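For reference, the chains in residue letters:
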Amino acid sequence: MTDQLTALDRATARRFVDEHIAPFADAWDRAGAVPEEALTRIGEAGLWAPFLPPRLGGSGTDMVTLGAIHEEVGRGCSSVRSLLTVHTMLAWALRRWGSEAQRDRWGPELAAGRVLGAFCLSEPGAGSDTSGITTTARLDGGAWVVDGVKKWITGGQRADLFLVFARGPAATVALLVPRATPGVTVTPIDDMLGTRASMLAEVSFDGVRLGPDALLGPSGFASGMVLTGTLDLGRYSVAAGSVGIIQACLDACADYTSRRRVGGTPLGELPLIQAKVSDMVTDVRAARLLLAEAGRLKDAGDEATLMATWVAKYFASTAAARHASEAVQIHGANGCGTGYPVARYYRDAKVMEIIEGSNEIQRTTIAGEAYRRQVP
Amino acid sequence: MTTHATATTAETITGFITGRFPRAEIDPAKDIFSLGYINSLFAMELVMFIEKTFELTIPNEELSIDNFRTVEAMTALVDRLRPAVTTG
């Protein structure tokens, strides 16, 4: 029997996650890594980059469906979803901005998961403040030379290809850097608060020389769009993963409170517990609708998807953090141990409020939309 | 015919910009980057709007700042790319 999902949709992704991901997520979280066998299985299922066209090995999956797939994966394991997110960012940027030669070189490998991608933007001194990056890319006799350090790189321990953002001659540039290039050093970062199995790393670039074909997309004015567009996809995936966390919290709490009794009464019959669960039910639906709206706009090529994605990510990530906290509360001491998954949800949800633009950046940008009509 | 189509393109692009920034005074030769509030988010929205509205894809080599500095430049870009798409 094959795990190839010939027609990718939410239902097939859900079955795959329930069988191959969710049952093992706590063990991977404790081990600090997703095993190779699981990564291979995800590739066999066609989940790494299904939005790529069939010519490049994908299945042409639309963005609404991609959001549903990432939600389902996020419901099972935020670490796996994080690996999918950064791989998606690189593969999407390649499809959107890559030359024919770059697409042909990397597309089929990324679609199959034979090459795993990672997104290198954050540095020790610059996270959401992307203008503060200090990694440089200079031209030397037609070659690009990259120097600098990237930190908290999701999947960095395992990735084969890095999408590196650096200060170029005129503006920020995006470069495709194979891990095996001389001068690339990967140092694992362990023991993080959440998404502990996402194999984070610090990646150093010391005089890394690359051919002219390493440049992804335009240089100069429009190179900022590569970053904007890539982060938009990352935000979309994190929003989806956050919806998945809320759903996981709801599922765990509905199950636990149906069985756990206090004074002979199931927890689920207590009004204060019902209030928390009802908020989970409401918010997961609202977050899912916001995500779907952003996805529909992406499929339509509508520029409104950018703000819709900011809003979806902000709403879903804050709701995930809130409900994961309540999920632990509902589980009491059981929620603080390893016997139930809610402690993992709680740690993972906090990370969602920080990555792909902290929620403070989210709110600043969303507020900017509100005041746009008053400018200047 | 060409004149009419060009005017429509310019009006459409101007309408998008002023729809976002109603207080901005935009004429076809106005450098929109001199307005002081064009950021990467709006630049990306502008590119997506042009691609969707005029049903074209702007290749990397055309994504230079001079092609987006004014409504005139963006109109010329659209006019340049449209025949290539139609006949391509």
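Residues numbered from 1 in each chain as written. Chains lettered and ligands numbered in written order. Predicted model: local features only at pLDDT ≥ 70, side-chain atom pairs only at ≥ 80, totals over all residues. Heavy atoms only, no water.

- As annotated in an unreviewed UniProt entry, chain B carries the name Acyl carrier protein and is attributed to Streptomyces radicis.

- Under the annotation held in an unreviewed UniProt entry, chain A carries the name Acyl-CoA dehydrogenase and is attributed to Streptomyces radicis.
- Note on chain A: under the UniProt heading Cofactor (unreviewed entry), the record states "FAD".
- Quoted verbatim from the Sequence similarities (unreviewed entry) field of the UniProt record, the comment on chain A reads "Belongs to the acyl-CoA dehydrogenase family." (UniProt positions renumbered as here; feature names shortened; annotations may be inferred.)

**A word on the overall build of chain B**
Next up, step 1: A tally of regular secondary structure across chain B gives three helices and zero strands.
Next up, step 2: Overall, chain B shows an N-to-C arrangement of helices and strands of α-α-α.
Next up, step 3: By the burial criterion, 44% of the 88 residues in chain B qualify as buried.
Next up, step 4: Considering only intrachain contacts with a sequence separation of at least 6, the fraction spanning at least 24 residues in chain B is 57%.
Next up, step 5: In the form shown here, chain B has an accessible surface area of approximately 4,500 Å², with 54% of it arising from carbon and sulfur atoms. (Helix = DSSP H or I, 4+ residues; strand = E, 2+ residues; numbered from the N terminus. Buried < 20%, exposed > 50% of the residue type's maximum accessible area, 1.4 Å probe, protein only. Contact = heavy atoms within 4.5 Å. Areas by Shrake-Rupley, 256 points an atom, 1.4 Å probe, with all protein chains shown as cover.)

**Remarks on the layout of surface pockets**
Next up, step 1: Approximately 770 Å³ is the volume attributed to the second largest pocket.
Next up, step 2: Taken together, 33 residues form the lining of the second largest pocket, with Trp-92, Arg-95 and Arg-96 of chain A together with Glu-51 and Thr-57 of chain B sitting closest to its centre.
Next up, step 3: When contributions to the lining of the second largest pocket are tallied by element, the ones reaching two or more residues are helix H5 (78-97), helix H6 (100-112), helix H7 (223-259), helix H8 (271-299) and helix H9 (305-331) of chain A together with helix H2 (40-53) of chain B.
Next up, step 4: Three or more residues apiece are contributed to the lining of the second largest pocket by two domains, here domain 1 (10-116) and domain 3 (223-374) of chain A. (1 Å grid on protein atoms, 1.4 Å probe; cavity = no way out; pocket = protein on both sides within 12 Å on 5 of 7 lines; lining within 4 Å. Points joined across faces, edges and corners; volume = space filled by probe spheres on them. Domains from an automatic or database assignment.)

**Remarks on the packing of H5 of chain A against H7 of chain A**
Residues and elements named next belong to chain A.
Next up, step 1: Between H5 and H7, whose axes approach to 9 Å, the crossing angle comes to 150°. The orientation of H5 with respect to H7, classified from their angle, is roughly antiparallel. Seen from above, H5 lies across H7 with right-handed handedness. Of H7, the residues touching H5 (which contributes Ser-78, Arg-81, Thr-85, Thr-88, Met-89, Trp-92, Ala-93 and Trp-97) are Met-225, Val-226, Gly-229, Thr-230, Leu-231, Leu-233, Gly-234, Ser-237, Val-238, Gly-241 and Ile-245.
Next up, step 2: Class assignment for the residues of the contact of H5 with H7 results in 10 nonpolar, eight polar and one charged. (Axes fitted to C-alpha atoms, helices over the stretch in contact; angles between N-to-C directions. Parallel < 35°, antiparallel > 145°, perpendicular 65-115°, else oblique. Left-handed = near helix turned anticlockwise from the far one by under 90°. Nonpolar A, V, L, I, M, F, W, Y, C, P; charged D, E, K, R; others polar.)

**So, the pattern of salt bridges**
Next up, step 1: Scanning all chains against the criterion turns up 33 salt bridges over all chains.
Next up, step 2: For the salt bridge of Arg-96 of chain A with Glu-51 of chain B, the shortest nitrogen-to-oxygen distance reads 3.1 Å. Residue Arg-96 of chain A is found in helix H5, and its partner Glu-51 of chain B is found in helix H2; the two belong to separate chains.
Next up, step 3: Glu-45 of chain B is paired through a salt bridge with Arg-372 of chain A; the nearest N and O atoms lie 2.6 Å apart. Within this pair, whereas Glu-45 of chain B is found in helix H2, its partner Arg-372 of chain A is found in the segment after helix H11 (359-370), the two belonging to separate chains.
Next up, step 4: Since its relative accessible area comes to 1%, Glu-45 of chain B is described here as buried. (Salt bridge = Lys/Arg side-chain N within 4 Å of Asp/Glu carboxyl O.)

**Focus on the interface of chain B and chain A**
Next up, step 1: Taken together, the contact between chain B and chain A spans 25 residues of the former and 24 residues of the latter.
Next up, step 2: Summing both sides of the interface, chain B and chain A together bury roughly 2,300 Å²; the carbon and sulfur share of this comes to 63%.
Next up, step 3: In this structure, the connection of chain B to chain A is made through five salt bridges.
Next up, step 4: Here chain B is connected to chain A by five residue pairs in polar contact (both at pLDDT 80 or more).
Next up, step 5: Where the side of chain B that touches chain A is concerned, the elements lending two or more residues are helix H1 (2-20) and H2 of chain B.
Next up, step 6: In terms of residue count, the dominant contributor to the side of chain B that touches chain A is H2 of chain B (11 residues).
Next up, step 7: Class assignment for the residues of the side of chain B that touches chain A results in 16 nonpolar, four polar and five charged. (Buried area = accessible area lost by both parts, 1.4 Å probe. Polar contact = N/O pair within 3.5 Å; in protein donor to acceptor, adjacent residues only side chain to side chain.)

**Things to note about empty space enclosed by the protein**
One water molecule sets the probe size; rolling that probe over the atoms shows where empty space is left.
Next up, step 1: This model, assessed by the stated rule, comprises two cavities of 30 Å³ or more.
Next up, step 2: Quantified by volume, the largest cavity comes out at close to 60 Å³.
Next up, step 3: Lining the largest cavity are Trp-48, Leu-83, Val-86, His-87, Leu-116, Gly-117, Gly-155, Arg-158, Ala-159 and Met-199 of chain A.
Next up, step 4: Ranked by residues supplied to the lining of the largest cavity, first place goes to H5 of chain A with three residues.
Next up, step 5: Residues that form the lining of the largest cavity fall into these classes: six nonpolar, three polar and one charged.
Next up, step 6: Summarising the domain contributions, the lining of the largest cavity has at least three residues from each of domain 1 (10-116) and domain 2 (119-222) of chain A.
Next up, step 7: Taken as a whole, the second largest cavity holds about 30 Å³ of empty space.
Next up, step 8: Around the second largest cavity, the lining residues are Phe-221 and Met-225 of chain A together with Ile-32, Phe-33, Ile-38, Phe-42, Ala-43, Leu-46, Val-47 and Phe-68 of chain B.
Next up, step 9: No other element matches the four residues that H2 of chain B contributes to the lining of the second largest cavity.

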